[in-house]
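# Structure assessment
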Amino acid sequence: MSEAPGIVIVRERIDAAELARLVLLYFEDMVKYVVDVERDVVGLGGEMHADAEQLLLEDGSRQVDLWGANYYPGRGPDGCVEYTALINVRPAAENRSMEIQDPAVRDRVRDLTSALVGEGEPLP
């Protein structure tokens, strides 16, 4: 796991205690994160999605592959992911809102969230 203050790059399933730390650090009920849909990594934490995005870019990600979301522990698999972030506004990529519009990208974000972050389980 690579780190910056309050942000980690997750390459394999994050420890529940570390996830709890990041959730409680800024927002108490959720954590912002950015998924690299090509490299299968997640930048988790930070006050803004752009913070995790910058860390991933420095780690070798391409901006076109990065999508932001919010993770809510304790909401279960159907309610834990919110596909909304300012970094998702990309008119040139046909994504004109903060919400991820492409169903294939949303599926990829959900799959990587389940594998690396969680499926909405309650925090320990």
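Presented here is an overview of the structure given in this document. Since we're looking at a predicted model, the values are computed, not measured. (Residues numbered from 1 in each chain as written. Predicted model: local features only at pLDDT ≥ 70, side-chain atom pairs only at ≥ 80, totals over all residues. Heavy atoms only, no water.)

### A look at the packing of aromatic side chains
- Using the criterion set out here, one finds one aromatic pair in the structure.
- Residue placement shows Arg75 over the ring face of Tyr72; its charged tip is 3.9 Å from the ring centre.
- Residue placement shows Arg90 over the ring face of Trp67; its charged tip is 3.8 Å from the ring centre. (Phe/Tyr/Trp six-rings, centres within 6.5 Å; stacked < 30°, edge-to-face > 60°. Lys NZ or Arg CZ within 6 Å of the ring centre and 35° of its normal.)

### Details of helix 2 (residues 49-58)
- All of the buried residues along helix 2 are His49, Ala52, Glu53, Leu55 and Leu56. The arc that holds the buried residues of helix 2, viewed along the axis, is 160°, so those residues lie on one side.
- Note on helix 2: the residue one or two positions beyond its end, Gly60, has a positive phi of about 110°. (Buried < 20%, exposed > 50% of the residue type's maximum accessible area, 1.4 Å probe, protein only. Helix = DSSP H or I, 4+ residues; strand = E, 2+ residues; numbered from the N terminus. Arc of directions from axis to C-beta.)

### Focus on a nonpolar patch on the surface
- A cluster of nonpolar side chains, Leu86, Val89 and Met98, forms an exposed patch at the surface whose accessible area comes to about 270 Å².
- In this fold, Leu86 is placed in the loop between strand 6 (81-82) and helix 3 (103-116).
- Overall, the relative accessible area of 62% leaves Leu86 in the exposed class. (Patch = residues over 30% accessible without salt bridge, like charges linked within 9 Å, V, L, I, M, F, W, Y side chains within 5 Å. Areas by Shrake-Rupley, 256 points an atom, 1.4 Å probe, with all protein chains shown as cover. Salt bridge = Lys/Arg side-chain N within 4 Å of Asp/Glu carboxyl O.)

### What about the pattern of salt bridges?
- Going through the model one piece at a time under the given rule, you end up with eight salt bridges.
- With its nearest N and O atoms 2.9 Å apart, the salt bridge here joins Glu18 to Arg21. Within this pair, Glu18 and its partner Arg21 are both found in helix 1 (residues 16-26), separated by three residues, close to a single helical turn.
- By relative accessible area, Glu18 is classed as buried at 17%.

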